[in-house]
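Chain residues, written in single-letter form:
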Amino acid sequence: MDQLIEQRLAVIETVVLRLEERLFGNGQPGEIAQLKRRVRNLESWFWRAAGAGGVLLALLQLLDHSFARLAGK
């Protein structure tokens with residue numbers, strides 16, 4: 001019975017070590033590091049697009065006010 005428990009614990013330990021290497025890496029970036037990099041890239045693109053949208057809206061507002069003044073005069 002004790003030998004069976006030891007074998008099962010050895011299998012569990014092996015699985016946990018493989019998961020740890022896969023998630024955290026063993027000299028190479030693991031899956032967590034890769035996911036963090038991908039999220040960082042997505043956030044970067046999001047904020048660039050948000051900034052470009054803000055600039056575009058500001059330009060449209062300026063143009064709208066300029067044409068409204070010209071049409072009103």
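The sections below set out a description of the structure shown in this document. Since the model is a prediction, treat every value here as computed from it, not as a measurement.

1. What about the packing of aromatic side chains?
Consideration 1: Tallied over the entire structure, the rule returns one aromatic pair.
Consideration 2: Both rings, one in F46 and one in W47, keep their centres 4.9 Å apart while their planes meet at 75 degrees; by these two values the pair is edge-to-face.
Consideration 3: If you follow R48 out to its NZ or CZ, it ends over the ring of W45, 5.2 Å from the centre.

2. Some thoughts on a nonpolar patch on the surface
Consideration 1: Taken together, the side chains of M1, L4, I5, L9, I12 and V16 present a nonpolar region at the surface, about 620 Å² in accessible area.
Consideration 2: Position of V16 relative to the elements: it lies in helix 1 (residues 2–24).
Consideration 3: A relative accessible area of 45% means that V16 is categorised as partly exposed.

3. With respect to the environment of A52
Consideration 1: Take A52: it is sitting in helix 2 (residues 31–72).
Consideration 2: We classify A52 as partly exposed; its relative accessible area is 46%.
Consideration 3: Note: C-alpha distance between A52 and I32 (20 residues apart in sequence) is 30 Å.

4. Side note on helix 1
Consideration 1: With 23 residues, helix 1 extends 32 Å from end C-alpha to end C-alpha; this agrees with the ideal 33 Å at 1.5 Å per step.
Consideration 2: Immediately beyond the C-terminal end of helix 1, within one or two residues, lies G25, with a positive phi of roughly 85 degrees.

Cut-offs used in this document
- Residues numbered from 1 in each chain as written.
- Predicted model: local features only at pLDDT ≥ 70, side-chain atom pairs only at ≥ 80, totals over all residues.
- Heavy atoms only, no water.
- Phe/Tyr/Trp six-rings, centres within 6.5 Å; stacked < 30°, edge-to-face > 60°.
- Lys NZ or Arg CZ within 6 Å of the ring centre and 35° of its normal.
- Patch = residues over 30% accessible without salt bridge, like charges linked within 9 Å, V, L, I, M, F, W, Y side chains within 5 Å.
- Areas by Shrake-Rupley, 256 points an atom, 1.4 Å probe, with all protein chains shown as cover.
- Salt bridge = Lys/Arg side-chain N within 4 Å of Asp/Glu carboxyl O.
- Helix = DSSP H or I, 4+ residues; strand = E, 2+ residues; numbered from the N terminus.
- Buried < 20%, exposed > 50% of the residue type's maximum accessible area, 1.4 Å probe, protein only.
- Expected span 1.5 Å × (residues − 1).

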